[in-house]
Structures are given as structure tokens and as C-alpha cells.
Amino acid sequence: QVQLVESGGGLVRPGGSLRLSCAASGSIFGIYWMGWYRQAPGKQRELVARITNGGSTNYADSVKGRFTISRDNAENTIHLQMNSLKPEDTAVYYCNLRDITTMISRPSDEYDYWGQGTQVTVSS
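What counts and what doesn't
- Residues numbered from 1 in each chain as written.
- Predicted model: local features only at pLDDT ≥ 70, side-chain atom pairs only at ≥ 80, totals over all residues.
- Heavy atoms only, no water.
- Core = buried A, V, L, I, M, F, W, Y, C linked by side-chain atoms within 4.5 Å.
- Buried < 20%, exposed > 50% of the residue type's maximum accessible area, 1.4 Å probe, protein only.
- Helix = DSSP H or I, 4+ residues; strand = E, 2+ residues; numbered from the N terminus.
- Phe/Tyr/Trp six-rings, centres within 6.5 Å; stacked < 30°, edge-to-face > 60°.
- Lys NZ or Arg CZ within 6 Å of the ring centre and 35° of its normal.
- Salt bridge = Lys/Arg side-chain N within 4 Å of Asp/Glu carboxyl O.
- Pairing = 2+ DSSP bridges.
- Axes fitted to C-alpha atoms, helices over the stretch in contact; angles between N-to-C directions.
- Contact = heavy atoms within 4.5 Å.

Caption draft 1: View of the nonpolar core. Core analysis: the largest hydrophobic core is formed by 29 residues, its most contacted members being Leu-4, Met-34, Trp-36, Leu-80, Met-82 and Tyr-93. Where this core is concerned, the elements lending two or more residues are β3 (18-25), β4 (32-39), β5 (46-52), β7 (67-71), β8 (77-82), β9 (91-99) and β11 (118-122).

Put into C-alpha cells, the structure is as follows:
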């Protein structure tokens, strides 16, 4: 139903910057959150940053002050500006959309959508 298309991943040197983008398409109504998760080899997937439809944001402590999540005026595209990148930021980054309305009202229905993942590698 909902499709997420990511872009912007790649290889960058420590201290450098990358900007990830995620465009959501499909039928999106009501309250929803979007965010970025990442998963490094041998580790669990973790939340990096999240933004609500109202614009509230939160970040993992490890990226706070370095990463910024934002959304376009259309509210169907989010970005993750990553500055001062560190080798430990290396991971596959996944875009996520969580349909809060469905999660609350129809929890048996699908409410979590994921992009295919994009590799971010920080290496000198």
C-alpha cells in the first residue's frame, strides 16, 4: 500500500556529510510518523531519528547534535542530514513510516512500512 523510496546513501570519509531522502507514496491518511532506522552488522536495528506529522522530532543519543531529520512541505518526504559522520555510523539505513491511526484503531492491519535500505559507509 505504502511505498518508500530512499536515496542519498554512499561512502563518505569521517567528518563528512551525507543527506538521505525518503519519499513516501500511496494512500497516506491520518496521523503518521516517519523516521530513520539503521542496522550495523551483528547489531539490532535501532531508531536513529523520528518525526511526527506534527513536526516533533527525537533522536538517538549517539546522533544527537550531528543528525537532523526534516520533512518537506508536502509531508510525504523526509530527509536525514548527517554531519560529522563517524565510522560507527556505518550501517544500512532504513526509512520507516508508521501509520499511527491504523496502529491504534486497526492494530491487526499493517501499519509499519519500510524502505529497502541504503548503505552508509564512513571510512577513511
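Moving on from the coordinates now.
Caption draft 2: The packing of aromatic side chains, seen in detail. Taken as a whole and judged by the stated rule, the model has 1 aromatic pair. Centroid distance Tyr-37 to Trp-114: 5.0 Å. Interplanar angle 70°. Geometry classified as edge-to-face. A residue pair is termed long-range when its members are at least 10 positions apart, and Tyr-37 in strand β4 and Trp-114 in strand β10 (residues 112-114) qualify at 77 residues. Given a relative accessible area of 14%, Tyr-37 falls into the buried group. Between Arg-45 and the ring centre of Tyr-94, over which it is positioned, the NZ or CZ distance is 3.8 Å. In this arrangement the basic side chain of Arg-45 is found over the ring face of Trp-114, its NZ or CZ atom lying 4.6 Å from the centre.

Caption draft 3: Quick look at the pattern of salt bridges. Counted according to the given criterion, the structure contains 5 salt bridges. A salt bridge links Arg-98 to Asp-112; its shortest N-O distance comes to 2.8 Å. Placement of Arg-98 in strand β9 and of Asp-112 in strand β10 is noted, with a sequence separation of 14 residues between them. The class of Arg-98 is partly exposed, set by a relative accessible area of 23%. Note that Asp-109 is salt-bridged to Arg-106, the shortest N-O span being 2.8 Å. Take Asp-109: its relative accessible area is 33%, and that puts it in the partly exposed class. Among the charged side chains, a network of salt bridges with common partners joins Arg-38, Glu-46, Arg-66 and Asp-89.

Caption draft 4: Spatial organisation of the sheet that holds β8. Spatial strand order, β1-β3-β8-β7: 4 strands in an open sheet with antiparallel pairing. Every other strand in the sheet has two partners, leaving β1 (3-7) and β7 as the edge strands with one partner each. Sheet twist, expressed as the mean angle between neighbouring strand axes with direction ignored, is 15°. Pairing geometry for β1 and β3, over 5 bridges, is antiparallel.

Caption draft 5: Highlighting the environment of Tyr-94. With respect to the secondary-structure elements, Tyr-94 resides in strand β9. A residue is classified by how much of its surface remains accessible, and Tyr-94, at 15% relative accessible area, is buried. As a C-alpha pair, Tyr-94 and Tyr-113 span 19 residues in sequence and 10.0 Å in three-dimensional space. What Tyr-94 contacts, discounting residues up to four positions off in sequence, is Glu-6, Gly-35, Trp-36, Tyr-37, Gln-39, Arg-45, Trp-114, Gly-115, Gln-116 and Gly-117.

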